[in-house]
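Here are the chains, one letter per residue:
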Amino acid sequence: MSKISLLSILLITFLFIGCTGQQVATDVPKGILYTKIYKSKPKSVLVLPALNTTTSANATDVYGYTISKVLSEKGYYVFPPMLVDKFFKSENISDAELIRKIPISKLNEVFDCDAVLYVDIKSWDTKAMPLIGSSVEVILTYTLVDAKTGDILMQKYTSVKSSKSMSFGSITGLIASAIDVALNASIDYHTLSIMANTNAFENIPYGYYTGDEYYMNDISDTIPIYTSVKKIDAGKLYVNSVTTSKDTPSDKSSFVISGGTIVGEGLKTSSSDTLSMYNDPNGLIIINNLASEYYTTTLLNGVNVLRNRYFLYDLANEPFIIDHDKIIYVQYNTDGTIVVNKDSDGVYFNITKMLNTQDWILPSKEKSSKK
Amino acid sequence: MKQYIHLLSIIVALFITGCANDNIKPPKEPTYEWCEYTIKSGDYGLNEANSEKFEQYKEELKKVIDKANETKKRIPPGICAEYGYMLYQSGKSESAREYFDKEVLLYPESKRFMKQFVEKLYGKASTTQTKESHIKDKK
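Residues numbered from 1 in each chain as written. Chains lettered and ligands numbered in written order. Predicted model: local features only at pLDDT ≥ 70, side-chain atom pairs only at ≥ 80, totals over all residues. Heavy atoms only, no water.

**Here's the deal with the overall build of chain A**
- A tally of regular secondary structure across chain A gives 9 helices and 20 strands.
- Of all 371 residues assigned to chain A, the portion counted as buried reaches 56%.
- For chain A, restricting intrachain contacts to residue pairs at least 6 apart in sequence, the fraction spanning at least 24 positions comes to 70%.
- Carbon and sulfur atoms make up 54% of the accessible area of chain A, which totals about 15,400 Å². (Helix = DSSP H or I, 4+ residues; strand = E, 2+ residues; numbered from the N terminus. Buried < 20%, exposed > 50% of the residue type's maximum accessible area, 1.4 Å probe, protein only. Contact = heavy atoms within 4.5 Å. Areas by Shrake-Rupley, 256 points an atom, 1.4 Å probe, with all protein chains shown as cover.)

The structure is reproduced here in structure tokens:
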């Protein structure tokens, strides 16, 4: 009896939240969110060993080859990670940082790859929380780069957190649909990595090996995008602000802006584990202690590329966000930082251009030619 | 108890109908059969010196290949190449070579990389037959 009622409550909670969630979302075609991928049509992806920017020594090894399956399932040819590893070692380049410094043109020449995936490990921590339990958090940044042009095709920032506690988390969003981990198993870094990977690449356009039925046929499929734009007034775009914790620099205002799917929050996995995830730009939540990290820097071709996590970037690398049926471009500085202002109405950006989502020119559906 | 369940199923049914959305496409079927590849490769990756993990991973790769043949699906990317390398390390360099070739056959994208990898293991002379096509590729 108690088992049944427990299950029912879970189910109802899930359905209920699922319903309310739909009301605030706008359906945005994948063609807008992934314009560059549809244009470049990469067939093969070279995944380089993850670059560990944390103090956890073994993060790169544990993260290992977890991405291979996720990307392959989406129809991309992923170079066999173990062999790629051995290949680099045989060339006396075994360090992820050295590998990261290899120019993309060289990688393209050696591997004949269409795209290169750079993974940055930004957090890999276990935190003890007195009285409550402990939490494990993995934050990863993924940067998919066109191997011929060096252009960033997509960038994702994903955080997955597992907390051990006795509380009963609410359930929203994805019920681990694409995740092939036994949910009863204890949550470890390996599992969290897989979840982060799945989360980040869940909506990537279908690649060549998904077959004719899918490949390039998902360009008009839509993804629900949530917004937290408060108002648009005289060229100013106001967004909801959040209260941040003490580790946010005081000179920066914190804000939450348009996002997308809440991929899973408070996902109940076993008697004591609660998982929460988010994913930017497809995520609308800023969790307090992360609010200071608006920007992601990624070392590409020897240059640190700075991008705002909460914005999407168009073909000309101009940052924009989506609010309902509007595509809103905002002012940014030459270093890539976005101009943030504040007045009595709250935090705002300067709007430079506004488009309707219907006016967005989707890339042609033409399939990539055989090599 | 029974009544309770009845009531519950009605409530649940109501919620489901309320949420029904015609735009939701059925999820795509998995492109490949992976068995326990991710877990086993992770295990092996962290314990490359452990001969038991080595064998387990090798077996798992074979299982993925067999499963693909059984279900008439394509073998996932990289699996043949990795299995070939496991065979090579077990001293079966001849059958290893077959799997390296199979990777290229299934996924022509891997051609340039696999050629270089094979040359590292078997020496440059081993790939002379395909040398011309390689040069053509580079152009």
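That covers the picture; the talk isn't over yet.
**Side note on the packing of aromatic side chains**
- Per the stated rule, a full pass over the model turns up 30 aromatic pairs over all chains.
- Between the aromatic rings of Phe-79 of chain A and Phe-113 of chain B, the centroid separation amounts to 6.1 Å while the plane-to-plane angle is 80 degrees, which identifies the pairing as edge-to-face. Of this pair, Phe-79 of chain A sits in the loop between strand 4 (77-78) and helix 6 (81-90) while Phe-113 of chain B sits in helix 6 (residues 111-122), on two different chains.
- The class of Phe-113 of chain B is buried, set by a relative accessible area of 0%.
- Stacked on the ring of Tyr-107 of chain B, the Lys or Arg Arg-74 of chain B has its end atom at 5.5 Å from the ring centre.
- Positioned above the aromatic ring of Phe-87 of chain A, the side-chain terminus of Lys-120 of chain B is 5.1 Å from the ring centre. (Phe/Tyr/Trp six-rings, centres within 6.5 Å; stacked < 30°, edge-to-face > 60°. Lys NZ or Arg CZ within 6 Å of the ring centre and 35° of its normal.)

**Focus: the confidence of the model for chain B**
All names here are of chain B.
- Looking at chain B, the pLDDT average stands at 82 and 73% of residues meet or exceed 70.
- For chain B, helix 7 (residues 131-138) is the element with the lowest average pLDDT, namely 45, and helix 4 (residues 79-89) is the one with the highest, namely 97.
- A low-confidence stretch, residues 16-23 (pLDDT under 50), is modelled with 5 contacts involving residues beyond four sequence positions or located in other chains.
- In this model residues 130-139 is a low-confidence stretch, pLDDT under 50, and it forms 9 contacts with partners more than four residues away in sequence or in other chains.
- On the interface metric, ipTM, the complex scores 0.78, and its pTM is 0.78. (pLDDT = per-residue confidence, 0-100.)

**Describing the pattern of salt bridges**
Residues and elements named next belong to chain A.
- What the rule picks out here adds up to 23 salt bridges over all chains.
- Residue Lys-148 pairs with Asp-114 through a salt bridge whose shortest N-O separation is 3.2 Å. Highlighted residues: Lys-148 in the loop between strand 6 (133-146) and strand 7 (152-164) and Asp-114 in the loop between helix 8 (104-111) and strand 5 (115-129), separated in sequence by 34 residues.
- Looking at Lys-148, the relative accessible area reads 58%, which means it is exposed. (Salt bridge = Lys/Arg side-chain N within 4 Å of Asp/Glu carboxyl O.)

**Side note on the nonpolar core**
- Of all hydrophobic cores here, the largest spans 50 residues; its most connected members are Leu-83, Leu-107 and Phe-111 of chain A together with Phe-113 of chain B.
- Elements represented by at least two residues in this core include exactly helix 6, helix 8 and strand 5 of chain A together with helix 2 (37-46), helix 3 (51-71), helix 4, helix 5 (93-106) and helix 6 of chain B.
- Per-element tally for this core: the top contributor is helix 4 of chain B, with 7 residues.
- Excluding residues within four positions of it along the chain, Leu-107 of chain A makes contact with Leu-46, Leu-48, Phe-88, Ile-102, Asp-112, Cys-113, Val-116 and Tyr-118 of chain A.
- Residues Ile-121, Val-160, Leu-312 and Ile-327 of chain A belong to the second largest nonpolar core, which totals 47 residues. (Core = buried A, V, L, I, M, F, W, Y, C linked by side-chain atoms within 4.5 Å.)

**Section: the confidence of the model for chain A**
Residue and element names in this part refer to chain A.
- Across chain A, the average pLDDT comes to 73, with 68% of residues at 70 or higher.
- Mean pLDDT values over the elements of chain A span from 31, in strand 8 (residues 172-173), up to 98, in strand 4.
- Between residues 13-23, whose pLDDT stays under 50, and residues either more than four places distant or in other chains, the model counts 18 contacts.
- Note on residues 243-275: pLDDT is under 50 here. Beyond four places in sequence and across chains, it has 138 contacts.

**As for unusual backbone geometry**
All names here are of chain A.
- You will see that Asp-112, though not glycine, has its phi angle at about 55 degrees, which is positive.
- Inspection of the secondary structure puts Asp-112 in the loop between helix 8 and strand 5.
- Residue Asp-112 is classed as buried on the basis of its relative accessible area, which comes to 17%.
- You will see that Met-216, though not glycine, has its phi angle at about 65 degrees, which is positive.
- On the secondary structure map, Met-216 appears in the loop between helix 9 (189-201) and strand 9 (222-225).

**Structural notes on helix 6 of chain B**
Residue and element names in this part refer to chain B.
- Between the first and last C-alpha of helix 6 there are 16 Å, a value that for 12 residues agrees with the 16 Å anticipated at 1.5 Å per step.
- Restricting attention to buried positions, one finds in helix 6 the residues Arg-112, Phe-113, Met-114, Lys-115, Gln-116, Phe-117, Val-118 and Glu-119.
- Just past helix 6, the residue Gly-123 takes up positive phi, approximately 95 degrees. (Expected span 1.5 Å × (residues − 1).)

**As for the layout of surface pockets**
- There is about 580 Å³ of room inside the second largest pocket.
- Around the second largest pocket sit 32 residues that line it, and Pro-49, Thr-60, Asp-61, Gly-64 and Asp-85 of chain A are the ones nearest its centre.
- Residue assignment for the lining of the second largest pocket shows that the elements contributing at least two residues are strand 3 (51-52), helix 4 (59-63), helix 6 and helix 7 (96-100) of chain A together with helix 2 of chain B.
- In terms of residue count, helix 2 of chain B provides more of the lining of the second largest pocket than any other element does, 6 residues in total.
- Within the lining of the second largest pocket, the residues separate by chemical class into 16 nonpolar, 8 polar and 8 charged. (1 Å grid on protein atoms, 1.4 Å probe; cavity = no way out; pocket = protein on both sides within 12 Å on 5 of 7 lines; lining within 4 Å. Points joined across faces, edges and corners; volume = space filled by probe spheres on them. Nonpolar A, V, L, I, M, F, W, Y, C, P; charged D, E, K, R; others polar.)

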